[in-house]
Amino acid sequence: MSTTPNIVLNVNGIEVIYNHVILVLKGVSLNVPEGKIAAILGGNGAGKTTTLRAISNLLKGERGEVTKGSIELRGERIENLSPADLVQKGVVQVMEGRHCFAHLTIEENLMTGSYTRTDKAEVARNLEKVYNYFPRLKTRRTSQAAYTSGGEQQMCAIGRALMANPSVVLLDEPSMGLAPQIVEEVFEIVKDLNTKEKVTFLIAEQNTNMALKYADYGYIMESGRIVMDGAASDLRNNEDVKEFYLGMGGGERKSFKDVKSYKRRKRWLA
Ligand SMILES: Nc1ncnc2c1ncn2[C@@H]1O[C@H](COP(=O)(O)OP(=O)(O)OP(=O)(O)O)[C@@H](O)[C@H]1O
Ligand SMILES: [Mg+2]
């Protein structure tokens, strides 16, 4: 019997172009195993957000489109599904920069995440579950989001996504602008949700150190390409990853592009 987990999301050789001319993703392929945490790592402008947006079909508002390749959810092509259809299928994205509704309370924000659901009792149970995972949100349930801390707003954004009862959460840069201790707190909750609720996560992160501590698998992205991938534990111990992404180098080389063997690593480029 095979112990290989099923692949829930399969991104296969996608290209993304913005404004009809700017080629940003140059053939990105990745697999997200069911019930695991996968991370897309890389610096500013590498293409992490674009990859998540391609999956959740949120590129249109940015004048972007997938021009090549395919995206499958449990074997079904999803490129032509609307973001709302994807929510129905259990795929929800938490945007970069949190995007809580500033004038709504924390609880009102959370409730906006359940707009597709009709069973009030189920929704109420879901809300209690979110408060269970995020006790801080329960304390602040009647506070206007604008007056809560950055960490609480990030928790609110994740909590709101959970109100749609998703099986897959695409989480964009959860560490952005947060103190290390709060980042850790957020990741601990993500891990908990993954373990106990079996939610699959695909997380885009510049904070390689934190992401590799919690993820099962990582993809490293540079200039719209995956340049390396592997089990998080292998990536953590990889000399190049340590040097370029974990701040343990101090040398001249800053990315896989600077490495002679870069071409060999670009194995996703057919
Ligand atoms: N709407 C857009 N129109 C044109 N170019 C864009 C658009 N959005 C992003 N880009 C470009 O696409 C590239 C990838 O951007 P993306 O936001 O996906 O990177 P990222 O890895 O998420 O970076 P960061 O860590 O800073 O969030 C960048 O060069 C960016 O300038
Ligand atoms: Mg981004």
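Please refer to the structure higher up on the page.
Rules used throughout
The residue count restarts for each chain, going from 1 along the sequence in the order it is written. Here every chain gets a letter starting at A, and every ligand a number starting at 1, in the order they are written. Confidence filtering applies because this is a predicted model: local features only for residues at pLDDT of at least 70, side-chain atom pairs given and counted only at 80 or more, and all residues used for totals across whole chains, interfaces and linings. Only hydrogens and water are removed before side-chain values are computed, so all heavy atoms of the structure are retained for them. Secondary structure elements are taken from DSSP: a helix is a run of H or I of four residues or more, a strand is a run of E of two residues or more, and numbering for both begins at the N terminus. Within these notes, the globule rule equals 2.2 Å times the number of residues to the 0.38 power, and the radius of gyration is based on C-alpha atoms. Whether a residue is buried, partly exposed or exposed follows from its accessible area with a 1.4 Å probe, protein chains only, as a fraction of its type maximum: under 20%, in between, or over 50%, in that order. Contacts between residues were defined by any pair of non-hydrogen atoms, one from each residue, lying within 4.5 Å. Methods summary: accessible areas were calculated by the Shrake-Rupley approach with a probe of 1.4 Å, and residue burial reflects only the protein chains presented. Charge assignment: positive for Lys and Arg, negative for Asp and Glu; neither His nor the chain ends contribute. By convention, the point assigned to a charge is CZ for Arg, NZ for Lys, CD for Glu and CG for Asp. For two strands to count as paired, DSSP must find a minimum of two bridges between them. Axis definition: a line fitted to C-alpha atoms, over the contacting stretch in the case of helices. Angles run 0 to 180 degrees between N-to-C directions. Between 30 and 60 degrees the pair is tilted, below 30 it is stacked and above 60 it is edge-to-face, where a pair is any two Phe, Tyr or Trp rings, Trp via its six-membered ring, whose centres lie within 6.5 Å. Among buried residues, those of type Ala, Val, Leu, Ile, Met, Phe, Trp, Tyr and Cys that are joined through side-chain atoms within 4.5 Å constitute a nonpolar core.

J.: Now, about the overall build of the protein chain: what can you tell me, with residues and values included?
T.: Secondary structure assignment for the protein chain yields 11 helices and 10 strands. Computed over its C-alpha atoms, the radius of gyration of the protein chain comes to 18 Å, within 12% of the 18 Å expected for a compact globule of 270 residues. With the C-alpha coordinates aligned to their principal axes, the bounding extent of the protein chain is approximately 55 × 45 × 40 Å. The buried share among the 270 residues of the protein chain stands at 51%. Counting contacts in the protein chain only where the partners sit at least 6 residues apart, residues at least 24 apart contribute 68% of the total. Of the accessible surface of the protein chain, which amounts to about 13000 Å², a share of 49% is contributed by carbon and sulfur atoms. Considering the protein chain, the positive charge centre built from 36 side chains and the negative charge centre built from 32 side chains are found 3 Å apart.

J.: Any details on the sheet that holds strand E3 (residues 37-41)? Residues and values, ideally.
T.: Spatial strand order, E6-E7-E8-E3-E9-E10: six strands in an open sheet with mixed pairing. On the outer flanks of this sheet lie strand E6 (91-94) and strand E10 (225-231), each paired with one strand and no other. If you compare each strand with its neighbour and ignore which way they point, the axes differ by 15° on average. Bridge count for E6 against strand E7 (residues 168-172) is four bridges, and the pairing is parallel. Bridge pairing links Val92 to Val169 in E7. Here helix H6 (residues 150-162) sits on the sheet and contacts E6 and E7; the angle it forms with E6, its principal contact strand, is near 165°.

J.: Lay out the packing of aromatic side chains with the relevant residues and their values.
T.: Per the counting criterion, the structure on display carries two aromatic pairs. A ring pair is formed by Phe187 and Tyr214, whose centres lie 5.4 Å apart and whose planes are at 25°; its orientation type is stacked. In this pair, Phe187 sits in helix H7 (residues 180-197) while Tyr214 sits in helix H8 (residues 208-214), placing the two residues 27 residues apart along the sequence. By relative accessible area, which is 2% here, Phe187 ends up buried.

J.: Got a sec to walk through the nonpolar core? Specific residues and values, please.
T.: If you look at the biggest cluster of nonpolar residues, it comprises 53 residues, and the most contacted ones within it are Phe134, Leu137, Phe201, Ile220 and Val241. Considering every element that reaches this core, the biggest residue donor is H7, with seven residues. Aside from chain neighbours lying at most four places away, what touches Ile220 is Leu41, Arg225, Ile226, Val227, Met228, Leu235, Val241, Tyr245 and Phe256. Formed by 31 residues, the second largest nonpolar core is a distinct cluster that contains Val16, Val32, Leu170 and Ile226.

J.: So, the sheet that holds strand E5 (residues 76-77): which residues are in play, and what are the values?
T.: The strands that make up a sheet pair up through hydrogen bonds in the backbone, lying either parallel or antiparallel. The four strands lie next to each other as E2-E1-E4-E5, forming an open sheet whose pairing is antiparallel. Because the sheet does not close on itself, it has two edges, and the strands there are strand E2 (22-33) and E5. By the bridge criterion, eight bridges tie strand E1 (residues 7-18) to strand E4 (residues 64-73) in an arrangement that is antiparallel. Looking across to E4, one finds that Tyr18 is bridged to Gly64.

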